[in-house]
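# Structural overview
Here is what each chain is made of, one letter per residue.
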Amino acid sequence: MADVLNVGVNLEAFSQAISAIQALRSSVSRVFDCLKDGMRNKETLEGREKAFIAHFQDNLHSVNRDLNELERLSNLVGKPSENHPLHNSGLLSLDPVQDKTPLYSQLLQAYKWSNKLQYHAGLASGLLNQQSLKRSANQMGVSAKRRPKAQPTTLVLPPQYVDDVISRIDRMFPEMSIHLSRPNGTSAMLLVTLGKVLKVIVVMRSLFIDRAIVKGYNENVYMEDGKLDIWSKSNYHVFQKVTDHATTALLHYQLPQMPDVVVRSFMTWLRSYVKLFQAPCQRCGKFLQEGLPPTWRDFRTLEAFHDTCRQ
Amino acid sequence: MGVTCVSQMPVAEGKSVQQTVELLTRKLEMLGAEKQGTFCVDCETYHTAASTLGNQGQSGKLMYVMHNSEYPLSCFALFENGPCLIADTNFDVLMVKLKGFFQSAKASKIETRGTRYQYCDFLVKVGTVTMGPSARGISVEVEYGPCVVATDCWSLLLEFLQSFLGSHTPGAPSVFGNRHDAVYGPADTMVQYMELFNKIRKQQQVPVAGIR
């Protein structure tokens, strides 16, 4: 709560005032006791009345004395300082029922936690900004004045251009066919069928590949309403593994200024999976490792390796 | 339906059918396979009734009606070298109505029952082949789910078979040679089972009524 130095309250006088209040209370109760007891038994009526009045007067004097003492002390106590540093939340701390409504302590904890979170987030963003993680050519944080005029941004490309690029890649390889659709807005969704081995659903964002899901040739890639199912995983372990490798590949092939070259490289890499079940691992020579065929394709040489055998 | 290979495991020397099955299942479990229920494949033989044969005295053809617990709502009907029909279970009732054309061969029902195991993407079924009350042999079926073209993954299947069958690994099934790039289907599996059952029948030299 408030610091002792800020209070401006004379604590010594404060405690004395509290004891003075207690003294005053006891003298007032003595007055009423005396009245309640009434007159004591003495020989004559006069004697009784005199004794009663004297006793009563004594008690009233002591009440007066105590009251004066209390007034003197209360003048010494002084006022608490006005600059309340806690403002409204400090008023919460005055609530005495700590068990049922521990509002103030919870408030303090929440505040400390959010301060710590802000601090850590600042540290993390500083560290992350050192390593550029953007695959597109847009530059964030450059003010409009400094940005050179007419800078082409690869994130906003006309859909016709995307269609053209994809259809050209479709004609590149005979065993790979690509079907493009736009069921959800301007993002293209490709269904790539590779021979009779697998199907890949590629979700794009203009000409950048966002996600790739690999499924078996005999698995269903459509939902009940006929739309492409872009969320459910394959039922087979081997294709779940290949999906992970495809995600690695789309992060590996990066060229911010020429996204169509990136898509071409990705499709070339994907095409090497046409011999998924026929090619043995280049390192150990076997077909199976823990029940999986060689699912890794090297990014440069396109050789087949088991996931655990790759260099 | 992935590529499937059905083969027969010879009974080990000096052991019974039951013990050999147990040996196999223990090897599978050591490999890391998980038990996933049971399976049953059965086969009944019918031969074309004499009254429908032409004057040339051509011999009747044998028809096999099979069921597979993997496809509980289907019934398979196939001729030896001919087409395979996939129908629903009401086909059995239809066969009763076709009594005039197809007669059931006596004591011909043969079936295999056993447990299913799942290892990664492989489905292994080890079953005891029984004809009537007696156990005649052991059938081993391995299915590799992800692949649908037979010729693609034979080497892969072979490697897996070798890992738990050892020296009893079979050669490539004949159905693989027939269809080069066609998608594998359940009918091919039933053809393999039919060939296996015929082989087991002939092995024991028990004459099945109606066989030529």
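Residues numbered from 1 in each chain as written. Chains lettered and ligands numbered in written order. Predicted model: local features only at pLDDT ≥ 70, side-chain atom pairs only at ≥ 80, totals over all residues. Heavy atoms only, no water.

### Some points on the overall build of chain B
For chain B, the helix and strand inventory stands at five helices and nine strands. Going from the N terminus to the C terminus, chain B shows its helices and strands as β-α-β-β-β-β-α-β-β-β-β-α-α-α. Relative to its full complement of 212 residues, chain B shows a buried share of 50%. Sequence separation of 24 or more characterises 61% of the internal contacts of chain B that already satisfy a separation of 6 or more. Approximately 10,200 Å² of chain B is accessible, and the part contributed by carbon and sulfur atoms is 54%. (Helix = DSSP H or I, 4+ residues; strand = E, 2+ residues; numbered from the N terminus. Buried < 20%, exposed > 50% of the residue type's maximum accessible area, 1.4 Å probe, protein only. Contact = heavy atoms within 4.5 Å. Areas by Shrake-Rupley, 256 points an atom, 1.4 Å probe, with all protein chains shown as cover.)

### Topic: helix α3 (residues 154-165) of chain B
Residue and element names in this part refer to chain B. A rise of 1.5 Å per residue sets the reference length of α3, with its twelve residues, at 16 Å; its end C-alpha atoms lie 15 Å apart and thus fit the reference within 8%. Considering only its buried residues, α3 is in contact with β1 (3-9), α1 (17-31), β7 (110-119), β8 (122-131), β9 (134-144) and α4 (174-178). In the segment just after α3, Gly166 is the residue with positive phi, at about 65 degrees. (Expected span 1.5 Å × (residues − 1).)

### What about a nonpolar patch on the surface?
On the surface, a cluster of nonpolar side chains totalling about 290 Å² of accessible area is made up of Leu11(A), Phe14(A) and Ile18(A). Tracing the chain through its elements places Ile18(A) in helix α2 (residues 11-37). (Patch = residues over 30% accessible without salt bridge, like charges linked within 9 Å, V, L, I, M, F, W, Y side chains within 5 Å. Salt bridge = Lys/Arg side-chain N within 4 Å of Asp/Glu carboxyl O.)

### Concerning the sheet that holds strand β3 (residues 198-205) of chain A
Residue and element names in this part refer to chain A. Taken in spatial order, the four strands make up an open sheet running β1-β2-β3-β4, and their pairing is antiparallel. Since the sheet does not close on itself, it has two edges, and those belong to β1 (176-181) and β4 (208-216), each with one partner. On average, each strand axis in the sheet is tilted by 20 degrees relative to the strand beside it, whichever way the strands run. For β3 and β4, the ladder comprises eight bridges, and the chain directions are antiparallel. Across the sheet, residue Arg205 finds its bridge partner in β4, namely Phe208. Contacts between helix α7 (residues 237-252) and the sheet are confined to β3 and β4, with β4 contributing the most and set at about 165 degrees to the helix. Seen against the sheet, helix α8 (residues 259-271) touches β1, β2 (189-194), β3 and β4 and runs at an angle of roughly 30 degrees to β2. (Pairing = 2+ DSSP bridges. Axes fitted to C-alpha atoms, helices over the stretch in contact; angles between N-to-C directions.)

Read these as layout, nothing more, since geometry by itself doesn't imply function.
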